[in-house]
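Report on the structure
Take a look at the letters that make up each chain.
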Number of protein chains: 6
Amino acid sequence: MSRLTHIDENGHANMVDVSEKSVTTREAVAQAVVTMLPETLQMITAGEHKKGDVLAVARIAGIQAAKRCSDLIPLCHPLMLSKVTVELEPREESNTVLITATCKLAGQTGVEMEALTAASVAGLTIYDMCKAVDKGMIISDVKLLEKKGGKSGHYKVDA
Amino acid sequence: MSRLTHIDENGHANMVDVSEKSVTTREAVAQAVVTMLPETLQMITAGEHKKGDVLAVARIAGIQAAKRCSDLIPLCHPLMLSKVTVELEPREESNTVLITATCKLAGQTGVEMEALTAASVAGLTIYDMCKAVDKGMIISDVKLLEKKGGKSGHYKVDA
Amino acid sequence: MSRLTHIDENGHANMVDVSEKSVTTREAVAQAVVTMLPETLQMITAGEHKKGDVLAVARIAGIQAAKRCSDLIPLCHPLMLSKVTVELEPREESNTVLITATCKLAGQTGVEMEALTAASVAGLTIYDMCKAVDKGMIISDVKLLEKKGGKSGHYKVDA
Amino acid sequence: MSRLTHIDENGHANMVDVSEKSVTTREAVAQAVVTMLPETLQMITAGEHKKGDVLAVARIAGIQAAKRCSDLIPLCHPLMLSKVTVELEPREESNTVLITATCKLAGQTGVEMEALTAASVAGLTIYDMCKAVDKGMIISDVKLLEKKGGKSGHYKVDA
Amino acid sequence: MSRLTHIDENGHANMVDVSEKSVTTREAVAQAVVTMLPETLQMITAGEHKKGDVLAVARIAGIQAAKRCSDLIPLCHPLMLSKVTVELEPREESNTVLITATCKLAGQTGVEMEALTAASVAGLTIYDMCKAVDKGMIISDVKLLEKKGGKSGHYKVDA
Amino acid sequence: MSRLTHIDENGHANMVDVSEKSVTTREAVAQAVVTMLPETLQMITAGEHKKGDVLAVARIAGIQAAKRCSDLIPLCHPLMLSKVTVELEPREESNTVLITATCKLAGQTGVEMEALTAASVAGLTIYDMCKAVDKGMIISDVKLLEKKGGKSGHYKVDA
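Let us look at the structure shown here. (Residues numbered from 1 in each chain as written. Chains lettered and ligands numbered in written order. Predicted model: local features only at pLDDT ≥ 70, side-chain atom pairs only at ≥ 80, totals over all residues. Heavy atoms only, no water.)

1. Description of the environment of Ala65(B)
The following threshold applies: Only runs of H or I of at least four residues qualify as helices and only runs of E of at least two qualify as strands under DSSP, and these elements are numbered from the N terminus. Between buried and exposed lies partly exposed: a residue is buried under 20% and exposed over 50% of the maximum accessible area for its type, with that area taken using a 1.4 Å probe on protein chains only. Any two residues whose heavy atoms approach within 4.5 Å at even a single point are treated as in contact.
Mapped onto the elements, Ala65(B) comes out in helix H2 (residues 48-67). Assessed through its relative accessible area of 1%, Ala65(B) is described here as buried. Sequence separation between Ala65(B) and Ser120(B) is 55 residues, and the spatial gap between their C-alpha atoms is 8.9 Å. In this view, Ala65(B) contacts Leu72(A), Thr117(B) and Val121(B); residues no more than four positions away in its chain are not counted.

2. Topic: the packing of helix H4 (residues 112-130) of chain C against helix H4 (residues 112-130) of chain D
Spelled out, the test is: An axis is simply a line fitted to the C-alpha atoms; with a helix, the fit covers only the stretch in contact. Between two such axes, the angle follows the N-to-C directions and lies from 0 to 180 degrees. In these notes the angle categories are as follows: under 35 degrees is roughly parallel, over 145 is roughly antiparallel, 65 to 115 is roughly perpendicular, and the rest is oblique. By convention, the crossing between two helices is left-handed when the near helix turns anticlockwise from the far helix through less than a right angle, and right-handed when the turn is clockwise. Each residue gets one label: Ala, Val, Leu, Ile, Met, Phe, Trp, Tyr, Cys and Pro are nonpolar, Asp, Glu, Lys and Arg are charged, and the others, such as Gly, are polar.
Packing of H4(C) against H4(D) leaves a shortest axis separation of 11 Å and a crossing angle of 165 degrees. Classified by the angle between their axes, H4(C) and H4(D) sit roughly antiparallel to one another. Crossing geometry of H4(C) relative to H4(D) is assigned as right-handed. Where H4(C) abuts H4(D), its residues Met113(C), Leu116(C), Thr117(C), Ser120(C), Leu124(C), Tyr127(C) and Asp128(C) lie against Met113(D), Leu116(D), Thr117(D), Ser120(D), Leu124(D), Tyr127(D) and Asp128(D). Residues of the contact of H4(C) with H4(D), tallied by class, amount to 8 nonpolar, 4 polar and 2 charged.

3. Side note on the environment of Met113(B)
Looking at the element boundaries, Met113(B) is found in helix H4 (residues 112-130). The sequence separation of Met113(B) and Cys69(B) amounts to 44 residues, and the corresponding C-alpha distance is 7.1 Å. Apart from the residues lying within four places of it in its own chain, the contact partners of Met113(B) are Leu124(A), Tyr127(A), Asp128(A), Lys131(A), Cys69(B) and Cys76(B).

4. Digging into unusual backbone geometry
Positive phi values are uncommon outside glycine, yet Asn95(B) reaches one of about 55 degrees. Structurally, the position occupied by Asn95(B) is in the loop between strand E2 (83-91) and strand E3 (96-107). The residue Asp141(F) is not glycine, and still its phi comes out positive at about 50 degrees. Turning to its location among the elements, Asp141(F) is positioned in strand E4 (residues 138-148).

5. A look at the side chain of Glu27(B)
Note that Glu27(B) resides in strand E1 (residues 24-35). Those residues in contact with Glu27(B), other than ones at most four positions away along the chain, are Lys83(B), Thr102(B), Cys103(B), Lys104(B), Val111(B), Glu146(B), Lys147(B) and Lys148(B).

6. Topic: the pattern of salt bridges
Stated precisely, the cut-off is as follows: Any Lys or Arg side-chain nitrogen found within 4 Å of a carboxyl oxygen on Asp or Glu counts as a salt bridge.
Scanning all chains against the criterion turns up 36 salt bridges over all chains. Here Lys104(B) ties to Asp17(D) by a salt bridge, and the two come within 3.0 Å at their closest N and O atoms. Highlighted residues: Lys104(B) in strand E3 and Asp17(D) in the segment before strand E1 (24-35), drawn from two different chains. When its relative accessible area of 13% is taken as the criterion, Lys104(B) is described as buried.

As structure tokens, then:
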């Protein structure tokens, strides 16, 4: 039967042993969606400079958060990411910014948490930069889109 | 006209000057919702020990993340939180865990980002601890519920 | 003659070169003991919830400290722990909590410092959570119990 | 009746609200003792340079750890230390190094944990630097010696 | 006679006591200069997007480093910056980028180190982003330009 | 044509993919020079203790900064340094301290940034410790001296 791997037989949370897991290339893609007022989205996208900076800051925050994942999520293993990208796509039709984070490494444990953390923190950073004009922004649909490598195989959400 | 306070006249992102803002008691409440399979929620809530540990770990992760907010969100000011609480409420009717984070301080700048960060990271931690059995969990409705203190006054989302 | 490996021929502290050491599975077990008043121990152990939370918080703090060891101990190498467990055993006969931390990795350098740091910080966390009722708690017997892997071979303290 | 202040009525650990506590000058002194082989102590104290460096590294590690206390101990409040000193005294009669850490600030919460953390991490650093020649070192007697300021008044251990 | 304030009478480095210093508004401005090949500077400045991103990343890195200063510089006091700005000015006549960092707070200790750290890390980030095409870049003229507030009064370098 | 590797085709900064790069031994040497008043240099070098401590603190700060490089420089990969040394040489003829940092690892990416960061932070630490007597100190000539390993081969600055 499947069970919560981070909880041992006594109900105690611990960092699981991955020593015996094989080193394989692992990749994960996660997303987050930030919904805002139409005016807020326009402020982000209007003007080369502004767009560059709001989205650039969120992108950098997401990348750095991916690297700090094992520091933030108590039972995550430390690992050496070999690639992190965070893309931010303003979508006027839905007044949202779609954030997609991709993490990759050759290691003994998956990188889902790194990708999810990157997407979340990029979203929080957009909130921070726009909160003076729009306190009602919502971050939603934070989820894993795809995961490759490791024993559990390929996982992909249907589009 | 309102504008993005973190972006200066040249379109450059910088940490805004709050030196002249008055020191007032500030409080913010934020939430996040983690949606999961019914079986996953049962694993979390079944058994005193397990419940204690899964939710305790998420609560601690959220509290620590609040303290590390200015390290994660590039343009947040460092500040000295005087209170952080993170409550996690399993809701069987919706197969969700509702996370509510409250932050407080006497300072020159609000604590919305701290509360939002706490709620998000608590949600990510639940994902981490349950991902072996449920990769499809979704974190959503990350939003500010209430904010008190400071020049912008009381902000409260309608229930 | 044996010498302090972190001090070079000029008496300068530096992070030693482990590039040529072989990658082997390394494991270390360390302990710490927290001595307290009988009433304090009872508060920790009385009631499912309280016990869960005091010890759960200390366990998580210990695990996270193990991951941050190279950040805390100046000449420790950064490394990627593949396992960390922290167990806390209340012992009524001696009014103590016995903390046992185990760390593991496949790498070029041992994990004694990670295990010792985990045990120490778990002990400090117990102190923090109980200090309102018992300022006289003492953390003692912080020591390495066992070490496996690496050139120096198996080290084990006699029971 | 006294109770564990970090645990709320539901048995949940949270960072307590200190918003209403008055800002006073607070100071705490804590100690740790590292016991080692006579030869190990001689290596530390023999030669100006070596002594300078082993003890200097431990002192710096302790000071930095005091500043990082709220990051390590989950329910500690972030605070702005106005003074940290760490003194290390080799004592040949007992083959020990006595570590004494003092922390000070004007704030709403005490600095016991900062002083205890500084003393512990200084002790761990000595262990790290000498472990190649003496794995049996023991850190003990980690305790609060004195605490001034705040509602609970002056606390001092009898010599 | 003036002396090194961080070194006590025994020659030991410690974090000095600023408890009795008055809280005043303090500001510091520091600079760094990155010299590079003409082609490298052109790559940075050619194209709106690229310029936005290289300089935006360096700016963010500098701002975040200012906040982490007490973590990096062992004897710096933790403090709560109320403003950080980092400006980067490409200067074609000298094939340099001039970095100017300004930090401000109301506190008991100056913010020179925060400004110097921000300028340095912004410079290192430019190096990182351009090193694939120009390993010979040099960071120089890292210095304090101006300092206001505190007992030592106004300090300003002649232009 | 060579280009800025950290900027993708859309002008966005991201952490480049090094997954396919081979694991080789990589080493980098970088320097920084701190220029000061003759009296300041004398204070650093006069007396065994003082010298030990000022330079020891700077050395430790540099070593720790090397380990924290990927946390400071946004697009740097996390990596596991197998060696870090920081040497500081007071040079009376030029009223300078020459800082030389060496980093090494077996990995997929170079360690130039780690060596440059170590040298810079060691220089900033000297500034911090001497700023009470000499605010005009300048850090300059921060540059890569040598780089070995990896696809780009051996790089060495002419003496």
